[in-house]
Amino acid sequence: MSEPFSVRVTVRGYETDVQGHLNQAVYLNYAEHARWSLLQEAGITQSGLIAQGVGPVALETTIRYRRELLAGDEADVSCAFTWSGGKVFTIEQTITKADGTVAAEITAVGGLLDLQRRKLVPNPQDVFRELAKDPGVFGL
């Protein structure tokens, strides 16, 4: 099995809290950045999704904080989709410090919203497969 998609981030000083570690909300920003970077790697753009009449939605997110990240730390944010065959999919993400230490694990449940009907599309993996120049990035 190939390695999951990953993007490198550097913790910026203004992203830290009074204790000097990465603010909890920023972990979500890093996860979202990795997901959009994966879409871009697959050849899917925001305008392409809108033209198709769909948009990704977050339905649930769980973060497990393992080790702190400090200003200046570099970390890799991985992103791997799991398809259940229904209306939703799961995204497993790990934020790993440059030394290999896991800083956080993020599990998200998402779907694709039909922008006119305001309902989830029945098989989001089919839409991603159709739109992607490289569906393999999604594990499809």
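Because the structure is a prediction, the values reported are computed rather than measured. (Residues numbered from 1 in each chain as written. Predicted model: local features only at pLDDT ≥ 70, side-chain atom pairs only at ≥ 80, totals over all residues. Heavy atoms only, no water.)

Asks: So what exactly am I meant to see when it comes to the overall build of the chain here?
Replies: On a plain count of helices and strands, the chain comes out with three helices and six strands. Sequence-ordered secondary structure for the chain, helices as α and strands as β, is β-α-α-β-β-β-β-β-α. Scaling as 2.2 N^0.38, a compact globule of 140 residues should have a C-alpha radius of gyration of about 14 Å, and the chain matches this with 16 Å. Projected onto the principal axes, the alpha-carbon positions of the chain cover approximately 45 × 30 × 25 Å. Burial status across the chain gives 37% buried among its 140 residues. Of the contacts formed within the chain by residues at least 6 apart in sequence, a portion of 65% connects residues at least 24 apart. In the structure as shown, the chain presents an accessible area of about 7800 Å², 49% of it carried by carbon and sulfur atoms. (Helix = DSSP H or I, 4+ residues; strand = E, 2+ residues; numbered from the N terminus. Rg over C-alpha atoms; globule rule 2.2 N^0.38 Å. Buried < 20%, exposed > 50% of the residue type's maximum accessible area, 1.4 Å probe, protein only. Contact = heavy atoms within 4.5 Å. Areas by Shrake-Rupley, 256 points an atom, 1.4 Å probe, with all protein chains shown as cover.)

Asks: When you look at the pattern of salt bridges in this model, what are you seeing that I'm missing?
Replies: Pairing between side chains becomes possible if they bear opposite charge and their charged atoms approach one another. Per the counting criterion, the structure on display carries six salt bridges. Of the charged contacts, one joins Glu-74 and Arg-8 as a salt bridge, the two residues approaching to 2.9 Å between their closest N and O atoms. Taken as a pair, Glu-74 in strand E3 (residues 74-83) and Arg-8 in strand E1 (residues 5-10) lie far apart in primary sequence, 66 residues in all. A salt bridge links Glu-15 to Arg-12; its shortest N-O distance comes to 2.5 Å. Each of Arg-8, Glu-74 and Asp-76 takes part in salt bridges that share partners, so that together they form one network. (Salt bridge = Lys/Arg side-chain N within 4 Å of Asp/Glu carboxyl O.)

Asks: I keep staring at the side chain of Thr-107 and nothing clicks. Help me out?
Replies: Its place among the elements puts Thr-107 in strand E5 (residues 102-114). What makes Thr-107 buried here is its relative accessible area of 16%. A distance of 3.5 Å separates polar atoms of two side chains, one belonging to Thr-107 and the other to Arg-64. There is a polar contact of 2.9 Å between the side chain of Thr-107 and the side chain of Glu-92. (Polar contact = N/O pair within 3.5 Å; in protein donor to acceptor, adjacent residues only side chain to side chain.)

Read these as spatial facts, not as claims about activity.
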